[in-house]
Amino acid sequence: MSNNDILRSLRYSFDINDFLMIEIFGMAGVEVDRPTVANWLKKDDDEEFKPIYDKDLSAFLNGFIVLKRGKKEGQEILNEKSLSNNQILRKLKIALGLIDVDMLNILKAAEFRLSKHELSAFFRNPNQSQYRDCKDQVLRNFLKGIQLTYRPN
């Protein structure tokens, strides 16, 4: 799943306009302009399409956490240079204040079944034997479930 797909999905699910997107990036210390955001949101076959890299998607997700939860006092926001699906899932969990039952219900809304143990494996330390990589299918269905939950129409 591409970073651009994730950005487009979140923008649609939460009805975020260009100006709020720019503000969200700013909350994580990254300045972007409207044309850049517009090019990230274009379809892949558009000639003006630009891929959004992990560091910029990380900034958006960190800004989204600040938007939804507020900024922690005395803590500087660190935008990761590379992101895994597990990290994206974790950031969405934090931003939306979800617990495991909420996440399972979101996946259920997308008609995707996952056990509580399978879900918790995505949030474990990568060095643990129970750790599992979050595959694109899980992330795609989670984003679809978010859309069905937060923007049902």
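Residues numbered from 1 in each chain as written. Predicted model: local features only at pLDDT ≥ 70, side-chain atom pairs only at ≥ 80, totals over all residues. Heavy atoms only, no water.

### A few points about the overall build of the chain
Step number 1: Counting its regular elements, the chain contains 8 helices and 0 strands.
Step number 2: In the chain, the succession of helices and strands from N to C terminus is α-α-α-α-α-α-α-α.
Step number 3: Compactness check: the chain gives a C-alpha radius of gyration of 15 Å against a globular reference of 15 Å for 153 residues, within 12% of the reference.
Step number 4: In terms of overall dimensions, the chain has a C-alpha envelope of 40 × 40 × 25 Å along the principal axes.
Step number 5: In the chain, which comprises 153 residues, the share counted as buried stands at 42%.
Step number 6: Accessible area of the chain: about 9000 Å², with a carbon and sulfur share of 46%.
Step number 7: In the chain, the 24 positive side-chain charges and the 22 negative ones have mean positions that sit 7 Å from each other. (Helix = DSSP H or I, 4+ residues; strand = E, 2+ residues; numbered from the N terminus. Rg over C-alpha atoms; globule rule 2.2 N^0.38 Å. Buried < 20%, exposed > 50% of the residue type's maximum accessible area, 1.4 Å probe, protein only. Areas by Shrake-Rupley, 256 points an atom, 1.4 Å probe, with all protein chains shown as cover. Lys, Arg positive; Asp, Glu negative; His and termini not counted. Charge placed at Lys NZ, Arg CZ, Asp CG, Glu CD.)

### Overview of the side chain of Ser13
Step number 1: Within the element layout of this structure, Ser13 appears in helix H1 (residues 3–13).
Step number 2: With residues up to four places along the chain from it excluded, the contact list for Ser13 reads Leu143, Ile146, Gln147, Tyr150 and Arg151. (Contact = heavy atoms within 4.5 Å.)

### Notes on the nonpolar core
Step number 1: Phe60 and Phe142 are the most contacted members of the largest nonpolar core, which has 43 residues in total.
Step number 2: Contributing elements (two or more residues each) for this core: H1, helix H2 (18–27), helix H3 (34–41), helix H4 (54–69), helix H5 (85–96), helix H6 (100–109) and helix H8 (136–150).
Step number 3: Take this core: its biggest share by element is 6 residues, from H4.
Step number 4: Excluding anything up to four places from it in sequence, Phe142 contacts Leu89, Leu92, Leu98, Met103, Ile106 and Leu107. (Core = buried A, V, L, I, M, F, W, Y, C linked by side-chain atoms within 4.5 Å.)

### A few points about H2
Residues spaced three or four apart along an α-helix point in a common direction, a consequence of the helix completing one turn every 3.6 residues.
Step number 1: The set of residues buried in H2 consists of Asp18, Met21, Ile24 and Phe25. The buried residues of H2 occupy an angular sector of 115° when the element is viewed end-on, so they sit on one face.
Step number 2: The elements touched by buried residues of H2 are H1, H3 and H4.
Step number 3: The N-capping residue of H2, defined by a side-chain oxygen 3.1 Å from the backbone nitrogen of Phe19, is Asn17.
Step number 4: Remark: Gly29 follows H2 within two positions and exhibits a positive phi of approximately 80°. (Arc of directions from axis to C-beta. Polar contact = N/O pair within 3.5 Å; in protein donor to acceptor, adjacent residues only side chain to side chain.)

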